[in-house]
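So you can see what is in the structure, the chains are spelled out below.
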Amino acid sequence: MDASASPSRSITGHLRGALATARAAFRHTARLALDIALPTLCVSCREPVSGEGVCAACWSKLSFIAPPYCPRLGIPFVYDPGPDLLSMEAIANPPAYRRARAAVRYDDVARTLVHALKYQDRTDLAPAMGRWMARAGRELLADADALIPVPLHWRRGWSRRYNQSGALARAIERQSGVKLASEALRRVRPTQQQIGLSRSQRATNVQGAFKVAVPRQSDIAGRRVILVDDVLTSGATADACARALLRAKAAAVDVLVFARVVDTHKAPI
Ligand SMILES: [Zn+2]
C-alpha cells in the first residue's frame, strides 16, 4: 500500500501518527503517575511487589545458573564431568575472551526483565539484576581490575537515553567494588540488530565495530577487565569487544552477563 498516493490518505496517515504519539505520551505520563501513587508492580506478572521489580513467584521461575558448568563458557552441564572439563562448544569455537558467566538462562521471565530494562526505562531492576550477576561472576570479579559495559552506538544511546549494560555494570560496581571504566570501549560504527541473523552473519555484523579510544588505552593496557552485557546469545558481540580490548593490550577479558541463551537453536530473542 502506498500511503502517499492520495493527499487525503497522507493527511490521515499524519493524523494517525500524531494520535499514536499523543497516546504514547499519555501512557508514559500515566505510568509515571501510577509509579508514584501505587507500589511497584512485578515486571513479569504485574502483581504488586514490595521492594524490587520481581515477585517471589516469578523469582522462583528464573533459572539461576549454578555449577556444574563449562569453566570457559559458563554453559551449564547436565551432569558433572569433573573439574576443568570444557564444553564441546568451547573446544569447537574457542572465544577471544577467557571466561563467561551468566546469572540466569535466557527464558521467558529473563526476557521480560531484559526487555523492561532495555525498552521500558525500568532502571529500578538494575540493582537486583546486578546483584545476581555479581554472585554468578564472583570468581571473575575476585581478580578483575575494571568493568567495561558493552557500548551502544551514540545514535542508539540517544534514542534509548541510557545504556542497559552501563546500568548493570554500575550495579555490579556497587556490589563488588570493581571500578567501572565506561568510556574506554566505543562502538565506532552502528551495527544492525543481531536478531534474526545466523551465527556467521552475527560475527560479520559486529566485526571491527568496537575500539578502545586512544586516550583511554592506559585504562585497559595490562589490566584484567570484565565485559558486562545483558544477554549472551552467539557470543559474537562479546567476542568482537574482547578482540578490541585485547588489541588495546588488556591482560585478560572475561564476560559477565545477566542471561545467556543455553540452546541457541531453541531460544531465539
Ligand atoms: Zn511476578
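So, how was this worked out
- Residues numbered from 1 in each chain as written.
- Predicted model: local features only at pLDDT ≥ 70, side-chain atom pairs only at ≥ 80, totals over all residues.
- Heavy atoms only, no water.
- Patch = residues over 30% accessible without salt bridge, like charges linked within 9 Å, V, L, I, M, F, W, Y side chains within 5 Å.
- Areas by Shrake-Rupley, 256 points an atom, 1.4 Å probe, with all protein chains shown as cover.
- Salt bridge = Lys/Arg side-chain N within 4 Å of Asp/Glu carboxyl O.
- Helix = DSSP H or I, 4+ residues; strand = E, 2+ residues; numbered from the N terminus.
- Buried < 20%, exposed > 50% of the residue type's maximum accessible area, 1.4 Å probe, protein only.
- Pairing = 2+ DSSP bridges.
- Contact = heavy atoms within 4.5 Å.
- Axes fitted to C-alpha atoms, helices over the stretch in contact; angles between N-to-C directions.
- Expected span 1.5 Å × (residues − 1).
- Polar contact = N/O pair within 3.5 Å; in protein donor to acceptor, adjacent residues only side chain to side chain.
- Donors = N, O, S within 2.8 Å, 3.2 Å for Na, K, Ca; no water.
- Tetrahedral: all angles 85-135°; square planar, octahedral: opposite > 155°, others 65-115°.
- Core = buried A, V, L, I, M, F, W, Y, C linked by side-chain atoms within 4.5 Å.
- Phe/Tyr/Trp six-rings, centres within 6.5 Å; stacked < 30°, edge-to-face > 60°.

Q: Would you take a moment to explain a nonpolar patch on the surface for this structure?
A: Taken together, the side chains of Leu86, Met88 and Ile91 present a nonpolar region at the surface, about 320 Å² in accessible area. Among the secondary structure elements, Met88 is positioned in helix 3 (residues 88–92). On the basis of relative accessibility, which here comes to 67%, the residue Met88 falls in the exposed class.

Q: Quick question: what am I supposed to make of the sheet that holds strand 6 (residues 224–232) here?
A: Through backbone hydrogen bonds, the strands of a sheet pair up, either in parallel or in antiparallel fashion. Strand order in the open sheet formed by five strands is 1-7-6-2-3, and the pairing between neighbours is parallel. Looking at strand neighbours, the two that pair on one side only are strand 1 (100–105) and strand 3 (179–180), the edges of this open sheet. Here strand 2 (residues 146–149) runs beside strand 3; their pairing, made up of two bridges, is parallel. Bridging from a neighbouring strand, Leu147 pairs with Leu180 of strand 3. Against the sheet, helix 8 (residues 164–176) engages strand 2, strand 3, strand 6 and strand 7 (252–260), with an angle of about 125 degrees to strand 6.

Q: Please clarify how helix 8 should be interpreted in this entry.
A: Across its 13 residues, helix 8 extends 18 Å between first and last C-alpha, which sits within 8% of the 18 Å expected from 1.5 Å per residue. Buried within helix 8 we find Gln164, Ser165, Gly166, Ala167, Leu168, Ala169, Ala171 and Ile172. For helix 8, the side-chain oxygen to backbone nitrogen distance between the N-cap and Ser165 is 2.9 Å, and the N-cap itself is Asn163. With its phi angle positive at about 85 degrees, Gly177 sits one or two positions after the end of helix 8.

Q: Just to check I follow, could you spell out the coordination of the zinc ion for this structure?
A: Under perfect tetrahedral coordination by four donors, a metal shows angles of 109.5 degrees; under perfect octahedral coordination by six donors, it shows angles of 90 or 180 degrees. Around the zinc ion, the protein contributes the donor atoms Cys42 (SG), Cys45 (SG), Cys55 (SG) and Cys58 (SG), at 2.3 to 2.4 Å from the metal centre. Around the zinc ion, the four donor atoms are arranged such that angles at the metal cover 105 to 116 degrees; this shape is classified as tetrahedral. Here the donor residues of the zinc ion share one chain and are spaced in sequence as C-x2-C-x9-C-x2-C. With Cys45 in the loop between helix 1 (7–37) and helix 2 (56–61) and Cys58 in helix 2, the pair connects residues that are 13 residues apart, well separated along the chain. Since its relative accessible area comes to 34%, Cys45 is described here as partly exposed. By relative accessible area, Cys58 is classed as buried at 1%.

Q: I would appreciate a short explanation of the nonpolar core in the present structure.
A: Within soluble globular proteins, side chains that are nonpolar generally end up buried alongside one another. Formed by 41 residues in total, the largest nonpolar core has its most connected members in Leu113, Met129, Trp132 and Phe258. Those elements that place two or more of their residues in this core are strand 1, helix 4 (108–119), helix 5 (126–136), helix 6 (138–142), helix 8, strand 6 and strand 7. Not counting the four nearest positions on each side in its chain, Trp132 is found in contact with Val54, Trp59, Leu62, Phe64, Ala103, Leu113 and Phe258. One finds Ile65, Tyr69, Ala181 and Cys241 within the second-largest nonpolar core, a separate group that totals 35 residues.

Q: Would you mind going over the packing of aromatic side chains with me for this structure?
A: In this description, an aromatic ring pair is defined by two values, namely the gap between the centres and the angle between the planes. Scanning the entire structure with this criterion turns up three aromatic pairs. Relative to Phe64, the ring of Trp59 lies with its centre 5.4 Å away and its plane at 45 degrees, an arrangement referred to as tilted. For Phe64, a relative accessible area of 32% gives the class partly exposed. With a centroid separation of 5.4 Å and an interplanar angle of 90 degrees, the aromatic rings of Phe64 and Trp132 are classed as edge-to-face. With Phe64 in the loop between helix 2 and helix 3 and Trp132 in helix 5, this residue pair connects regions lying 68 residues apart in the sequence. For Trp132, a relative accessible area of 7% translates into the label buried. One aromatic cluster is present, built from ring pairs that chain together Trp59, Phe64, Trp132 and Phe258.

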